[in-house]
Amino acid sequence: MRSPTAGLFLGLVITLAAVVAYSWYTTQQISGLQALQNNLVDRNRKDSLQLLRIQNDLNSLGLGMRDMLDNNEPYPLTAWSAQFQRIRSDLDNALRVEEDLAATRRTPEQRQYLASSLAQFWDAVDRTFALAQSGKADEARAQIRLTLQARQSALSSAVARLLVENNESEEQANQQIRQIYGRVQRQVYLFLGATLTAIVLTSLYVIYANRQLFAQLAILSEQRSDLAQKLISTQESTLRHISRELHDEFGQILTAVGAMLGRAEKHTSENSPVRTELKEVRDITQTTLDNVRSLSQALHPVMLDEAGLESTVDWYLATVEKQTGTDICYEKSGDSFPVSGSASIHVYRVLQEALNNVTRHSGAHEAWVRLRFTKQDLELEVEDHGKGFSADVPRPGIGLVAMRERAELLDGTLEFRQPAAGGTLVRLRVPRERAELHAE
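Note that residues are indexed from 1 along each chain, following the sequence as it is written. The model is predicted, so local features are restricted to residues of pLDDT at least 70 and side-chain atom pairs to those at 80 or more, both for listing and for counting; the totals for chains, interfaces and linings are taken over all residues. Hydrogens are left out, water is left out, and the side-chain values use all remaining heavy atoms of the structure.

S.K.: It is not clear to me how the packing of aromatic side chains should be interpreted in this structure. Could you clarify?
M.R.: Between two aromatic rings, the relevant description is the distance of the centres plus the angle of the planes. Classification of ring pairs rests on two measures: the distance between centres of Phe, Tyr or Trp rings, Trp counted by its six-membered ring, which must be within 6.5 Å, and the angle between planes, read as stacked under 30 degrees, edge-to-face over 60 and tilted in between. According to the stated counting rule, one finds five aromatic pairs in the structure shown. Here the aromatic rings of Tyr-316 and Tyr-348 are separated by 5.3 Å at their centres, their planes lie at 70°, and the arrangement is edge-to-face. You can see Tyr-316 sitting in helix α7 (residues 309-324) and its partner Tyr-348 sitting in helix α8 (residues 341-362), a full 32 residues away along the chain. Plain terms: the ring middles of Phe-337 and Phe-373 are 5.1 Å apart, the flat faces sit at 90° to each other, and that makes the pair edge-to-face. The way it works is that DSSP assigns letters per residue, a run of H or I at least four long becomes a helix, a run of E at least two long becomes a strand, and they are numbered from the N terminus.

S.K.: What am I meant to see in a nonpolar patch on the surface here?
M.R.: Note on patches: the residues involved have over 30% relative accessible area and no salt bridge, like charges join within 9 Å, and the nonpolar side chains Val, Leu, Ile, Met, Phe, Trp and Tyr join within 5 Å. Surface exposure here means Shrake-Rupley accessible area, sampled with a 1.4 Å probe, where a residue is shielded only by the protein chains that are shown. A side-chain nitrogen of Lys or Arg and a carboxyl oxygen of Asp or Glu constitute a salt bridge if their distance falls within 4 Å. A surface patch of nonpolar side chains, about 390 Å² in accessible area, is lined by Phe-9, Leu-12, Val-13 and Leu-16. Following the sequence through the fold, Leu-12 ends up in helix α1 (residues 5-69).

S.K.: Hey, could you run me through the environment of Ala-407 in this one?
M.R.: Considering the arrangement of structural elements, one finds Ala-407 in helix α9 (residues 398-409). Between buried and exposed lies partly exposed: a residue is buried under 20% and exposed over 50% of the maximum accessible area for its type, with that area taken using a 1.4 Å probe on protein chains only. A relative accessible area of 2% places Ala-407 in the buried class. Residues Ala-407 and Val-430, spaced 23 residues apart in sequence, show a C-alpha to C-alpha distance of 7.4 Å. Sequence-distant contacts of Ala-407, defined by excluding residues within four places in its chain, comprise Gly-412, Thr-413, Leu-414 and Leu-428. Whether two residues touch is decided by their heavy atoms; if any such pair falls within 4.5 Å, the residues are in contact.

S.K.: Before we go on, may I ask you to explain the packing of α7 against α8 in this structure?
M.R.: To describe two helices that pack against each other, one gives the angle between their axes and the distance between the axes. Orientation is described by axes fitted as lines to C-alpha atoms, over the contacting stretch for helices, and by angles from 0 to 180 degrees between their N-to-C directions. Running from N to C, α7 and α8 point in directions that differ by 15°, and their axes come no closer than 11 Å. One finds that α7 runs roughly parallel with respect to α8. Seen from above, α7 lies across α8 with right-handed handedness. Here Leu-309, Thr-312, Val-313, Trp-315, Tyr-316, Leu-317, Val-320 and Thr-324 of α7 lie close against α8, whose contacting residues are Ser-344, Val-347, Tyr-348, Leu-351, Gln-352, Leu-355, Asn-356 and Thr-359. Throughout this entry, Asp, Glu, Lys and Arg are counted as charged residues, while Ala, Val, Leu, Ile, Met, Phe, Trp, Tyr, Cys and Pro are counted as nonpolar. The remaining residues, Gly among them, count as polar. Across the contact of α7 with α8, the residue classes break down as ten nonpolar, six polar and no charged. Angle categories: roughly parallel below 35 degrees, roughly antiparallel above 145, roughly perpendicular from 65 to 115, and oblique for all the rest. Rotating anticlockwise by less than a right angle from the far helix to the near helix defines a left-handed crossing, while the corresponding clockwise rotation defines a right-handed one.

S.K.: Just to check I follow, could you spell out the side chain of Arg-141 for this structure?
M.R.: Here Arg-141 shows up in helix α4 (residues 137-266). With no salt bridge to any partner, buried Arg-141 finds its closest opposite charge in Asp-138, at an N-O distance of 4.2 Å. Between N or O atoms, a polar contact is any pair within 3.5 Å; within protein, one atom must be a potential hydrogen donor and the other a potential acceptor, and residues adjacent in sequence are included only when both atoms are from side chains. A polar atom in the side chain of Arg-141 sits 3.2 Å from the backbone oxygen of Met-68. Charge assignment in this entry is limited to Lys and Arg as positive and Asp and Glu as negative, and neither His nor the chain termini are counted.

S.K.: Is there a simple way to explain helix α3 (residues 108-133) in this structure?
M.R.: What a helix is expected to span follows from its residue count: subtract one and scale by 1.5 Å. An ideal rise of 1.5 Å per residue puts 38 Å on 26 residues; α3 measures up with 37 Å between its terminal C-alpha atoms. Leu-114, Ser-117, Leu-118, Phe-121, Trp-122, Ala-124, Val-125, Thr-128, Phe-129 and Ala-132 are the residues of α3 that are buried. Immediately beyond the C-terminal end of α3, within one or two residues, lies Gly-135, with a positive phi of roughly 90°.

S.K.: In this structure, what is going on with the sheet that holds strand β1 (residues 327-333)? I would like to understand it.
M.R.: Backbone hydrogen bonds are what pair the strands of a sheet, in a parallel or an antiparallel way. In this scheme, strands are said to pair when DSSP sees at least two bridges between them. In space, the five strands of this open sheet follow the order β1-β2-β3-β5-β4, with mixed pairing throughout. Since the sheet does not close on itself, it has two edges, and those belong to β1 and β4 (413-417), each with one partner. Adjacent strand axes in the sheet meet at a mean angle of 10° when their direction is disregarded. Note: β4 against strand β5 (residues 424-431), five bridges, orientation antiparallel. By the bridge assignment for β5, Leu-414 is matched with Leu-428. Sitting on the sheet, α7 is in contact with β1, β2 (366-373) and β3 (377-384), with an inclination near 165° to β1. The strands touched by α8 within the sheet are β1, β2, β3, β4 and β5, with β3 carrying the most contacts at an inclination of about 10°.

S.K.: Looking at this model, I keep getting lost on the nonpolar core. Mind explaining?
M.R.: One broad rule of soluble globular proteins: the nonpolar side chains tend to lie buried together. For the purposes of this section, nonpolar cores are sets of buried Ala, Val, Leu, Ile, Met, Phe, Trp, Tyr and Cys residues that join through side-chain atoms within 4.5 Å. Counting 34 residues, the largest nonpolar core has Leu-351, Leu-355 and Leu-378 as the members making the most contacts within it. Of all the secondary-structure elements, those providing two or more residues to this core are α7, α8, β2, β3, α9 and β5. Ranked by size, the runner-up nonpolar core spans 29 residues in total, among them Met-65, Leu-114, Phe-129 and Leu-155.

S.K.: Looking at this structure, I do not really get unusual backbone geometry. What am I missing?
M.R.: Peptide bonds are trans in most cases, and residues, glycine excluded, mostly fall at negative phi. The phi angle at Asp-411 is positive, at roughly 55°, despite the residue not being glycine. Topologically, Asp-411 is positioned in the loop between α9 and β4.

S.K.: Help me out: how do you make sense of α9 in this one?
M.R.: Along an α-helix, residues three or four positions apart point the same way, because every turn accommodates 3.6 residues. Compared with the 16 Å implied by 1.5 Å per residue over twelve residues, the 16 Å span of α9 between its first and last C-alpha is a close match. Gly-399, Leu-400, Met-403, Glu-405, Arg-406, Ala-407 and Leu-409 are the residues of α9 that are buried. Where α9 terminates, the next one or two residues include Asp-411, which has phi positive at roughly 55°.

S.K.: Even after reading the chapter, I still don't get the environment of Ser-296, so can you show me in this structure?
M.R.: With respect to the helices, strands and loops of the structure, Ser-296 is situated in helix α5 (residues 273-299). Take Ser-296: its relative accessible area is 0%, and that puts it in the buried class. Separated by 52 residues in the primary sequence, Ser-296 and Arg-244 place their C-alpha atoms 7.0 Å from one another.

S.K.: Please explain the pattern of salt bridges as it appears in this structure.
M.R.: As a working rule, side chains carrying opposite charge can pair if their charged atoms are close by. Counted under the stated rule, the structure contains 16 salt bridges. Here Arg-370 ties to Glu-381 by a salt bridge, and the two come within 3.1 Å at their closest N and O atoms. Taken as a pair, Arg-370 in strand β2 and Glu-381 in strand β3 lie far apart in primary sequence, eleven residues in all. Since its relative accessible area comes to 13%, Arg-370 is described here as buried. Given a relative accessible area of 5%, Glu-381 falls into the buried group. It is possible to trace a salt-bridge network through shared partners that takes in Glu-331, Arg-370, Arg-372, Glu-379, Glu-381, Glu-383, Glu-415, Arg-417, Arg-427 and Arg-429.

In structure tokens form, the structure reads like this:
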């Protein structure tokens, strides 16, 4: 099965590229929006305020000219000169500020028209006040009616048109802003849709790849279990064969040799040196026979086939105590039931490996073995209060792996726990139906 890493990496690269591209696009749109707001909307608003200021000054001029034409006023026309000068100063300042704000949007013709119209208006104002200063009040009022009011009205209309243009420009800017927001919103939806699609496709690919991998793992696990079962079966068959050969062939040979040495010993005189040597050879032969039988029992206890699991456990625990000096407390509980040959050998091997770990690695001089028969399962426990398992061990030994394999072959469970007093507790549980019916 090909690894999904390359596909996942490609999907990640595409997703990151899409995120970067969209982020750049969004940044550009936001920058454009900010520039539009700063360069157009804000400047246009400030320009409108200045135009309103100019319009207010022009209205003040209009009111002043109306008062000048009112014959009921007790003041001479020259009395309005100071008021006109103040308005002129404020109007000039407002025009300069407004021209700076509107320079990017105003055509040279528009700027020239407003400046020339205002200059002509102030020229007419100066002439009017000059006539009033020389005592020609009627001519000055006529100048106001015929020239100043018309020019003031024209200036007010021009400013009003500029205000209308500003309003239209602001509306266009708002329309552009709405369009930018709309484009960004659509792009967000498209990006989210594309991202979700990429995520869904990647997830489906990962799910498909994982299913393929897990299917392969299931096949490999099944093959491994079959192989382990065959290896363990082959191992037990080989050990059983060697055990029988040792017990039957070598045992019979050594027994025959011992018998022949015994007969030869009887035919020699009691004080003969030959009789002493024959006795020594017969003792050596008997010791060898005992060792061969012990080795045969260690490889495959014949008692498992002849007497069953319980008797074999009784014999084995006594042997371990005698050989290692370890005190073993053995507890058996429940109503016992017959255990099949294959199940008994697996349980025995787990017991054998657990006690080997106790005597070789734990450093404990005591151990507790419990064999329980219940309605649901057969349970074996081996407990010691020694060193326990070290966390520094990189991986379990072959013995522990074999124990787990044997538990799996019986559809049972194998647990390694630490008792409250320290050490190790090994617990094997085998379903009763597997212990009773497990076929060889």
